[in-house]
Amino acid sequence: MIEGSCQTFVSDCQVRAAAELISHAWDPVVLSALRLGPTRRKELLTRIAGVSDKVLTQALRRLRARGLIVRSGGAGQAGAVYRLSPLGESFANGPLAQLAQWAADNQDDLIASSATS
């Protein structure tokens, strides 16, 4: 646990760095989908209901730039296979999975809070 290093909540705080990894709505969804193993882009489009081709492309580019996923094979994006990098695996199987579990455990309270606000 990080203690004391973020007490002033400055812009270079570790909390901000971690929050940026999930700041785009589809990025954590893509990471979660890739937890199932290496996947072609078209398969991701099918697996992730509601994401557009453009938004998926943007998410894949962001996640590659952050070193969370790796693209291999294929001359273009259509034939490429995406997988989690070791860093992406540690994030997707660690804090992201824990956040998802917390959301599932507290879903009723979260929905009730949304309804009253």
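Note that the coordinates shown come from a computational prediction; the quantities given were computed from them, not determined experimentally.

Trainee: Please clarify how the confidence of the model for the protein should be interpreted in this entry.
Mentor: If pLDDT is low for a region, its predicted coordinates should not be looked at in detail. For the protein, the average pLDDT comes to 88, and 86% of its residues sit at 70 or higher. Mean pLDDT across the elements of the protein ranges from a minimum in helix α1 (residues 14-20), with 81, to a maximum in strand β3 (residues 81-84), with 97.

Trainee: What is the right way to look at helix α4 (residues 53-65) in this model?
Mentor: Note that an α-helix has 3.6 residues per turn; residues three or four places apart therefore point the same way. Across its 13 residues, α4 extends 18 Å between first and last C-alpha, which sits within 8% of the 18 Å expected from 1.5 Å per residue. Along α4, the positions that sit buried rather than exposed are Leu56, Thr57, Ala59, Leu60 and Leu63. All buried residues of α4 project into a common sector of 165° when viewed along the axis, lining one side. For α4, the exposed residues set more than 90 degrees away from the buried face come down to Lys54, Arg61 and Ala65. Of the surrounding elements, those touching the buried residues of α4 are α2 (27-34), α3 (41-47), β2 (69-72) and β3.

Trainee: Help me out: how do you make sense of the side chain of serine 85 in this one?
Mentor: Turning to its location among the elements, serine 85 is positioned in the loop between β3 and α5 (86-93). Excluding anything up to four places from it in sequence, serine 85 contacts Gly67, Leu68, Ile69 and Val70.

Cut-offs used in this document
- Residues numbered from 1 in each chain as written.
- Predicted model: local features only at pLDDT ≥ 70, side-chain atom pairs only at ≥ 80, totals over all residues.
- Heavy atoms only, no water.
- pLDDT = per-residue confidence, 0-100.
- Helix = DSSP H or I, 4+ residues; strand = E, 2+ residues; numbered from the N terminus.
- Expected span 1.5 Å × (residues − 1).
- Buried < 20%, exposed > 50% of the residue type's maximum accessible area, 1.4 Å probe, protein only.
- Arc of directions from axis to C-beta.
- Contact = heavy atoms within 4.5 Å.

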